[in-house]
Structure formats: C-alpha cells, structure tokens
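Observations on the model geometry
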Amino acid sequence: MFGFLKNIFSEGNNEELQNVIQNKAFLVDVRTPQEFAEGNVLGSVNIPLDQVPNQLSKFKNKEHIVVFCRSGNRSGQAKSILEQNGFANVTNGGTWQNIKTIVDGK
C-alpha cells in the first residue's frame, strides 16, 4: 500500500502536475470551507466534496482540473465523481500543501 501511494505522489508525478498547473489548470480544493479558510492555495476555488455533484457546471469547459484536499482521499473521491459525470481531464493533486508548493514555486 505504501509503495502504491509513493508511486502516486512521486517526483515524476509532481513534474507532470507542475506542467498541468502551469498550463492554467482549474484548481479545486475539496476540503470544507473551514479548512479552506485556515489555509489555501492562491488561485484555487473551494468546492467541498459534498457539493461537487451539485456544482458540475463550474467544471465545464475547463481544459484541465486539479482536485486536492488534506490527505488526497477526498480529492480521489472528487476525481471519481467528476469522471463518472464525463470529465476526463481531472488530476488528483493530493494534498493542498503539495499544490501550494508547486504554485508558490518552492
């Protein structure tokens, strides 16, 4: 299991993720509004996981979508919901801190 997770969030994937983000991806934090208020990624929008199915219109016409949360679990669920609704351009970015590091260029 650990090896699987390590492969998902490896440096190689961070390079791919960095390319997607630099190409104006739609950054979606699926944590709760309270979590989002405590710290977030510049330029991201907060659409909590339980609201994703009701907010599908916000995802339309986006070239690429990156979803993320506290641990990568909720963003994995959000990715599945979006894919079940016809979105093929979704990346699970894992943790919001990971995305923040990429966006901040650190």
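Please read these numbers as outputs of a predicted model, since none were measured by experiment. (Residues numbered from 1 in each chain as written. Predicted model: local features only at pLDDT ≥ 70, side-chain atom pairs only at ≥ 80, totals over all residues. Heavy atoms only, no water.)

Things to note about the sheet that holds strand S2 (residues 45-46)
A sheet is described by the order of its strands in space; here four strands give the open sequence S2-S1-S3-S4, paired in parallel fashion. Across the chains shown, the open sheet's two edge strands, defined by having one partner strand only, are S2 and strand S4 (90-95). Bridge analysis of strand S1 (residues 26-29) against strand S3 (residues 65-69) gives four bridges, and the strand direction is parallel. In the sheet register, leucine 27 faces S3, and the bridge partner there is valine 66. (Pairing = 2+ DSSP bridges. Helix = DSSP H or I, 4+ residues; strand = E, 2+ residues; numbered from the N terminus.)

Remarks on the pattern of salt bridges
Within the structure shown, the criterion is met by four salt bridges. Between aspartate 29 and arginine 31 there is a salt bridge, and its shortest N-O distance comes to 2.7 Å. Here aspartate 29 matches arginine 31 in class, with each residue buried. One salt bridge connects lysine 79 with glutamate 83, and the closest N-O pair in it is separated by 2.5 Å. Here lysine 79 pairs with glutamate 83, and both are found in helix H4 (residues 73-84), just four residues apart, close to one helical turn. A residue is classified by how much of its surface remains accessible, and glutamate 83, at 36% relative accessible area, is partly exposed. (Salt bridge = Lys/Arg side-chain N within 4 Å of Asp/Glu carboxyl O. Buried < 20%, exposed > 50% of the residue type's maximum accessible area, 1.4 Å probe, protein only.)

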